[in-house]
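# Fold and geometry: a report
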Amino acid sequence: MAIVDNDCLSKSDVAILLEGDGFFRLQKAVELYRHGVVRKIVFSGNTVKKEYGSYPFEEVRPFILQHDIPEEDLIHEDKSLNTQQQAVEVVKIAMKSGWKKLALVASHEHQYRAYLTFLRVVLDTDSGIILYNAPVRNLNWFIDSGWGTRFDRLSAEFERIEKYSAIGHLANAGEVIEYQKWKESLLDDGKSNT
């Protein structure tokens, strides 16, 4: 977890903004775009469950665009209904578009499982995609945003990690370590480029 939480973020083709946690995640994707870390933002997901924090793209889109993000640099991946499907659909789009570096944006309690899920698909497709973690930081752990506290959602994430690991949807710890070693070896000076 420490390795995933403290990834060496580098310039990427796109920020993958995972649907969920209301409007809390979009600011991180906007920040990455405005600082030149990414060239596009992909909003991934098409589930509408406001009581769970999954807001539709049509409601999130204006908040992203109001930060001077050009319409052509905002893409909606609209086929996925869960994290595993997001990983599959995003990797398909990345391979088709020639994107080699993806910055994964999720809330800190979801980032670990999301990364393990995306990494599983990256490894299984042998796509050569470099996946970076860009979790949203400084979110409250104990305040209920309408769909539970992040602290309570964290324990649910660990339950899901167990469940989805058992059916092969997540990369395992050894794969994460080897992938992170490989990824770090690509950095010129062993430090982050951002």
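It is worth spelling out the packing of helix α5 (residues 108–125) against helix α7 (residues 173–185) at this point. Between two packed helices, both the angle of their axes relative to each other and the distance between the axes serve to describe the pair. At their nearest, the axes of α5 and α7 sit 11 Å apart, and the two run at 75° to each other. Viewed along their axes, α5 and α7 adopt a mutual orientation that is roughly perpendicular. Two secondary-structure elements touch here, α5 through Tyr115, Leu116, Leu119, Arg120, Val122 and Leu123 and α7 through Glu175, Val176, Tyr179, Gln180 and Lys183. Looking at the contact of α5 with α7 residue by residue, the class counts come to 7 nonpolar, 1 polar and 3 charged.

To continue, consider the packing of aromatic side chains. Across all of its chains, the model carries 6 aromatic pairs by this definition. Their ring planes at 45° and their centres at 5.4 Å tell us that phenylalanine 43 and phenylalanine 57 sit as a pair that is tilted. With phenylalanine 43 in strand β2 (residues 40–44) and phenylalanine 57 in helix α3 (residues 57–65), this residue pair connects regions lying 14 residues apart in the sequence. For phenylalanine 43, a relative accessible area of 3% corresponds to the buried category. What links up through ring pairs into an aromatic cluster is the set Phe23, Tyr55, Phe63 and Trp147. The ring of tyrosine 55 carries the charged tip of lysine 50 above its face, separated from the ring centre by 5.7 Å. Across the ring face of phenylalanine 24, the terminal group of arginine 150 is positioned such that the distance to the ring centre comes to 4.8 Å.

On the surface, Trp141, Phe142 and Phe151 cluster together into a nonpolar patch covering about 340 Å² of accessible area. Inspection of the secondary structure puts phenylalanine 151 in helix α6 (residues 150–166).

Taken across its 5 residues, β2 has 4 buried, putting it largely inside the fold. In this sheet, β2 lies alongside strand β1 (residues 14–18) in parallel orientation, the contact comprising 5 bridges. For alanine 15, the partnering residue across the bridge sits in β2 and is isoleucine 41. In this fold, β1 hands off to helix α2 (residues 26–34), which returns the chain to β2; that crossover is right-handed. Bridging between β2 and strand β3 (residues 74–77) involves 4 bridges; their strand directions are parallel. If you follow valine 42 over to β3, its bridge partner there is isoleucine 75.

Criteria and thresholds
Residues numbered from 1 in each chain as written. Predicted model: local features only at pLDDT ≥ 70, side-chain atom pairs only at ≥ 80, totals over all residues. Heavy atoms only, no water. Axes fitted to C-alpha atoms, helices over the stretch in contact; angles between N-to-C directions. Helix = DSSP H or I, 4+ residues; strand = E, 2+ residues; numbered from the N terminus. Parallel < 35°, antiparallel > 145°, perpendicular 65-115°, else oblique. Contact = heavy atoms within 4.5 Å. Nonpolar A, V, L, I, M, F, W, Y, C, P; charged D, E, K, R; others polar. Phe/Tyr/Trp six-rings, centres within 6.5 Å; stacked < 30°, edge-to-face > 60°. Buried < 20%, exposed > 50% of the residue type's maximum accessible area, 1.4 Å probe, protein only. Lys NZ or Arg CZ within 6 Å of the ring centre and 35° of its normal. Patch = residues over 30% accessible without salt bridge, like charges linked within 9 Å, V, L, I, M, F, W, Y side chains within 5 Å. Areas by Shrake-Rupley, 256 points an atom, 1.4 Å probe, with all protein chains shown as cover. Salt bridge = Lys/Arg side-chain N within 4 Å of Asp/Glu carboxyl O. Pairing = 2+ DSSP bridges. Right-handed = clockwise from strand over helix to strand, strands pointing away.

Don't take any of this as a statement about function, it's just geometry.
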